[in-house]
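Listed below are the residues making up each chain.
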Amino acid sequence: MKDSLRQQFERLAMRLHELDATLADPAVASDMKRYRALAREHAEVSGLVERFRRFQQRERDQSAAQGMLTDAVNEPEMAALAQQEISEAQADIERLHFELQTALLPRDPDDERNAFLEIRAGTGGDESALFAADLARMYLRHCERHGWRTELLSESLSDLGGYKELVIRIEGDGVYARLKFESGGHRVQRVPSTETQGRIHTSACTVAVLPEADEAEEVTLNPAELRIDTFRASGAGGQHVNKTDSAIRVTHLPTGIVAECQDDRSQHRNKAKAMAVLTARLRDKDRNERAAKEAATRKGLIGSGDRSDRIRTYNFPQGRLTDHRINLTLYKLQAVLDGDLDDVTAALQAAQSAEQLAALESGDA
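By convention here, each chain's residues receive numbers from 1 onward along its written sequence. Where totals are concerned, whole chains, interfaces and linings use all residues; where local detail is concerned, this predicted model gives features only for residues with pLDDT of at least 70, and gives and counts side-chain atom pairs only at 80 or more. Calculated side-chain values reflect all of the structure's heavy atoms, with hydrogen atoms and water omitted.

Draft legend 1. Spotlight on the nonpolar core. In these notes, a set of buried Ala, Val, Leu, Ile, Met, Phe, Trp, Tyr and Cys residues joined through side-chain atoms within 4.5 Å is what counts as a nonpolar core. Think of it in three bands: residues with accessible area under 20% of the maximum for their type are buried, residues over 50% are exposed, and the middle band is partly exposed, with areas taken using a 1.4 Å probe on protein chains only. Core analysis: the largest hydrophobic core is formed by 33 residues, its most contacted members being L117, I119, L135, M138, Y139, I170 and Y314. The numbering of helices and of strands both runs from the N terminus, where a helix is a DSSP run of H or I of at least 4 residues and a strand a run of E of at least 2. Listing elements by their share of this core, those giving two or more residues are β1 (115-121), α5 (125-146), β3 (163-171), α6 (175-179), β5 (201-211), β11 (328-330), α10 (333-337) and α11 (342-362). For this core, the element with the highest residue contribution is α5, accounting for seven residues. Working rule for contacts: check all heavy atoms of both residues, and any pair within 4.5 Å makes them a contact. If we skip the residues at most four places from it in the chain, Y314 touches F131, L135, M138, H186, R187, V188, Q189, R320, L321, L333 and L337. Counting 19 residues, the second largest nonpolar core, distinct from the first, contains F116, L210, C261 and A280.

Pasting the structure below:
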């Protein structure tokens, strides 16, 4: 490990002592907002320091085993034990070194935010809309697995029971960090239920995952730049839906970006939710424009943010899922569609970390 990296972790150890003292101060405990922020930092720093101490211990173990190996010239059994300890310690040192490096990489400030998940049917007509429904089910089940809360904000149903468009709000720890790589074009290859000749069809949907803006950021919208329309909600809902114009559509006039919400009986609450979606879409637009400028000469491993990119294929005849950005292929399609996305999201996060490390080592970052 480089000396500069060791020094960073030693400084973190000093910071941990400072946090211990600060959190013990009764005045800090009385300010819950500050206390929670410091407690989160303490949990993060203590985990890093503990891992660094483990790294140092395994270095000492390896050094001791090498000394034992030198002394065990005429003791084959002792030499074999020493060699085994050296190998095991080296494996631990390499793993911990990678984990420590990764922990210090720049973080996306939006990673801990809640998110809006948008799914839209694309090419393929009714089959695309049915695939959109399959994707919605996949993500909802994935959310259940992680204990995240979900809220349907708007939906547009197709004739055969699929979705032309769907917007879901997801709330939980690290939601955006886990789901942000889902943005892009999702392609499906399968025999539709309406196909009489048994031919495989290809259709597609687009997925967008947007970080939810802070409430303070929502008030920056200029009311003069907004057009707010009310309309009658569609879909299930009984007599209320048929009689009350409670659904809200908000249009940001300078950009033409539109958001709507119709899930609540209250026009006021629908407006608040639509404004939250609009803010997230505007932030995403700004974010993509900045990313395009910063990365004009090179495209990132995980994708450029261009949602026309085909990022993943779901091949039903072969039971195969392929993520084209990192050449990941899994033959567990049904498990993934049932919400088991962890292997995919973990591989995408690892690929991003590896790319960031490579950029740091080459001096590009």
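Draft legend 2. Summary view of α5. Take the number of residues in a helix, subtract one, and multiply by 1.5 Å to get its expected span. When the terminal C-alpha atoms of α5 are compared, their 32 Å separation across 22 residues agrees well with the 32 Å that a helix rising 1.5 Å per residue should span. G147 lies just past α5 and shows a positive phi near 75 degrees.

Draft legend 3. The pairing of β3, seen in detail. As paired elements, β1 and β3 share six bridges and run antiparallel to each other. Across the sheet, the residue bridging to I119 is L166, located in β3. Two strands are counted as paired when DSSP detects at least two bridges linking them. Pairing analysis gives eight bridges linking strand β2 (residues 149-157) to β3, with the strands arranged antiparallel. Within β3, the residue paired with T150 across the bridge is I170. Between β2 and the antiparallel strand that follows it, β3, lie five residues; G161 among them carries a positive phi value of about 100 degrees.

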